[in-house]
Amino acid sequence: MEASPISRFAKPLTLAAMSLGYGVVQLDVTIVNTALNSIGSSLGGGISELQWVVSTYTIAFAALILTAGALGDRIGAKRMFMAGFSVFTVASLACALAPTSFILIAARAAQGVGAALLVPNSLALLSHAYPDDKERGRAVGIWAAGASLALTAGPLVGGALIALVGWRSIFLVNLPIGLAGLWLTWRYATDTARASRELDLLGQAAAIGILGVLAGAIIEGGRVGWANPWVLAGFGAFAILSALFLLQERRARQPMLPLSLFTHRMFALTSLVGLLVNIAFYGLIFLFSLYFQQINHWTPFATGLAFVPMMGAVLPVNLLAARIAERIGAPITIAIGALIAAAGCLSLLGIEQGTSYWMICVPLIAMGGGLGLLVPPMTSTLLGSVEKSRSGIAAGVLNSTRQTGSVLGVALFGSLIGGQGDAFLFGTRAALIISALLLIGAAGAIVIGGRVKK
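These numbers were taken from a predicted model, which means no experiment stands behind them.

**A short note on the overall build of the protein**
So, point 1. Scanning the protein from terminus to terminus reveals 17 helices and zero strands.
So, point 2. At 21 Å, the protein has a C-alpha radius of gyration in line with the 22 Å of a compact globule built from 454 residues.
So, point 3. Each principal axis of the C-alpha distribution contributes one length, and for the protein these read about 70 × 55 × 45 Å.
So, point 4. Residue burial in the protein is summarised as follows: out of 454 residues, 54% are buried.
So, point 5. A fraction of 84% describes how many contacts in the protein between residues 6 or more apart in sequence connect residues 24 or more apart.
So, point 6. Measuring between centres, the 27 positive side-chain charges of the protein sit 5 Å from its 16 negative side-chain charges.

**Side note on the packing of aromatic side chains**
So, point 1. Within the structure shown, the criterion is met by 15 aromatic pairs.
So, point 2. Taken together, a centroid distance of 6.5 Å and an interplanar angle of 70 degrees make the contact between Tyr57 and Phe88 edge-to-face. Pair noted here: Tyr57 is in helix 3 (residues 47-75) and Phe88 is in helix 4 (residues 77-97), with a separation of 31 residues, a long-range link. Side by side, Tyr57 and Phe88 carry an identical accessibility label, which is buried.
So, point 3. Seen from the ring of Tyr188, Arg187 lies directly overhead, with NZ or CZ sitting 5.7 Å from the centre.

**Observations concerning the side chain of Thr185**
So, point 1. Tracing the chain through its elements places Thr185 in helix 8 (residues 174-188).
So, point 2. Residue classification places Thr185 among the buried residues on the basis of a relative accessible area of 1%.
So, point 3. Side-chain polar atoms of Thr185 contact the backbone oxygen of Gly181, separated by 2.7 Å.
So, point 4. Those residues in contact with Thr185 that sit more than four places away from it in its chain are Ala17, Met18, Lys78, Phe81 and Met82.

**Focus on the environment of Pro155**
So, point 1. Note that Pro155 resides in helix 6 (residues 133-164).
So, point 2. When neighbours within four sequence positions are excluded, Pro155 is seen to be in contact with Thr30, Thr34, Gly304, Phe307 and Met311.

**Here we look at helix 11 (residues 265-295)**
In an α-helix, one turn spans 3.6 residues, which is why side chains three or four residues apart end up on the same side.
So, point 1. With 31 residues, helix 11 should reach 45 Å at 1.5 Å per residue; the first-to-last C-alpha distance of 44 Å fits that figure.
So, point 2. With 27 of its 31 residues buried, helix 11 lies for the most part within the structure.
So, point 3. His297, located one to two residues past helix 11, shows a positive phi value of around 60 degrees.

**Brief notes about the pattern of salt bridges**
Pairing between side chains becomes possible if they bear opposite charge and their charged atoms approach one another.
So, point 1. Under the criterion given, the structure shown has two salt bridges.
So, point 2. Arg108 serves as the salt-bridge partner of Asp28, at 3.4 Å between the closest nitrogen and oxygen. With Asp28 in helix 1 (residues 5-34) and Arg108 in helix 5 (residues 101-129), the pair connects residues that are 80 residues apart, well separated along the chain. The same class applies to Asp28 and to Arg108, which are both buried.
So, point 3. We note a salt bridge from Arg429 to Glu352, for which the minimum N-O separation is 3.1 Å. With Arg429 in helix 17 (residues 422-451) and Glu352 in the loop between helix 14 (330-347) and helix 15 (357-384), the pair connects residues that are 77 residues apart, well separated along the chain.

**Focus: a nonpolar patch on the surface**
So, point 1. A surface patch of nonpolar side chains, amounting to about 440 Å² of accessible area, comprises Leu320, Ile324, Ile328, Ile332, Ile336 and Ile340.
So, point 2. Looking at the nonpolar patch, the elements with two or more residues in it are helix 13 (314-328) and helix 14.
So, point 3. Topologically, Ile324 is positioned in helix 13.

**Some details on the packing of helix 14 against helix 17**
So, point 1. Where helix 14 contacts helix 17, the axes come no closer than 8 Å and their chain directions differ by 165 degrees. For the element pair helix 14 / helix 17, the angle class is roughly antiparallel. Note that helix 14 runs across helix 17; the crossing there is left-handed. Listed contacts from helix 17 to Pro331, Ile332, Ile334, Ala335, Ala338, Leu339, Ala341, Ala342, Cys345 and Leu346 of helix 14 are Leu432, Ser435, Ala436, Leu439, Ile440, Ala443, Ile446 and Val447.
So, point 2. Residue classes in the contact of helix 14 with helix 17 are distributed as 17 nonpolar, one polar and no charged.

Calculation criteria
- Residues numbered from 1 in each chain as written.
- Predicted model: local features only at pLDDT ≥ 70, side-chain atom pairs only at ≥ 80, totals over all residues.
- Heavy atoms only, no water.
- Helix = DSSP H or I, 4+ residues; strand = E, 2+ residues; numbered from the N terminus.
- Rg over C-alpha atoms; globule rule 2.2 N^0.38 Å.
- Buried < 20%, exposed > 50% of the residue type's maximum accessible area, 1.4 Å probe, protein only.
- Contact = heavy atoms within 4.5 Å.
- Lys, Arg positive; Asp, Glu negative; His and termini not counted.
- Charge placed at Lys NZ, Arg CZ, Asp CG, Glu CD.
- Phe/Tyr/Trp six-rings, centres within 6.5 Å; stacked < 30°, edge-to-face > 60°.
- Lys NZ or Arg CZ within 6 Å of the ring centre and 35° of its normal.
- Polar contact = N/O pair within 3.5 Å; in protein donor to acceptor, adjacent residues only side chain to side chain.
- Expected span 1.5 Å × (residues − 1).
- Salt bridge = Lys/Arg side-chain N within 4 Å of Asp/Glu carboxyl O.
- Patch = residues over 30% accessible without salt bridge, like charges linked within 9 Å, V, L, I, M, F, W, Y side chains within 5 Å.
- Areas by Shrake-Rupley, 256 points an atom, 1.4 Å probe, with all protein chains shown as cover.
- Axes fitted to C-alpha atoms, helices over the stretch in contact; angles between N-to-C directions.
- Parallel < 35°, antiparallel > 145°, perpendicular 65-115°, else oblique.
- Left-handed = near helix turned anticlockwise from the far one by under 90°.
- Nonpolar A, V, L, I, M, F, W, Y, C, P; charged D, E, K, R; others polar.

Here it is as structure tokens:
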């Protein structure tokens, strides 16, 4: 018997829906940076408000992604994926209509909730649709490539939309993507089997609190001073919540974050690399978005164009990374990628107002290429360091760790550039030095740790 048209197209259209879900999440990671100056001019507020516009999305994403995967196991990945797309789409509309920065920040947090539901459950549905290992590998490659393309296109698409329509349009573009993804998922995706799994609600609450108070203390410390009582209280709350979180994760029968994973040396090292790299990379994207627009007075479209070579370097180097890692080993490949990115950071230390773009472009390409080189072997090494039965939770931990790095990078570097003119440039150079040191530290950790015998 011939397959029905629906069953014949179910796999590729499920893949299309999952790619739309992951792609829209990655698009919003970079597209918003292009609009920061326009948002600030329209809604008012300073650097700290813009930091919250970026960070609330990432905080919710990082803190909830592990629980979102557990919810998919318990309720069904299709149901959770569709809920995530619905939340993300409605929240995008709320962002576009936001009359104040406070409402925009709240809507961005809701977007982060939607993103957390989308990413792990998209991968679960993809694995379910492609049970054959070879087919699944190709499908995951397309899924990841689509996200890389969205990440690359974000600044350019954002700049063009802002120039033509205004900053609110960068959120409205998510609506047709969301509706298409929802329809395709409802029509073609097959739900996963449900498993009995407990939710670590206390651990989840502590994780949200940890990221929120730490980001808040760093962001507000740069604005009101590090000796401010509220800032000190924030760091104190972070220490207390961290201790409670570790205690809860040790006691829970099914913890949100299994601490036993970190007894695997390469798992711990690659998680650390993911954290450090994202602090540097996404913190600097936030910083340079403001540099191009506030210091050099470029348009959003010109700012978007400026980031295209950097983002465009990620995907082709991603494709070469696996072959390089096969020849020289994953730890060395990761270290080389981190050192290339660090060299890019150090090459920008002479940056001034009006510095030629071509003097900035090559270091930016080095940073993007370095990231593209280290991420595939880092991910592969992390997944290979644990049992296959725990690969899902391991991938979730890596995602959460990297998003946490993004939160810390935006919070830290934003706190360094509170002023204008010379103060902004001084903070930029400090951020570049910190980024280079973090990347060099990541390279040293993975090489030295990779050589240590068990």
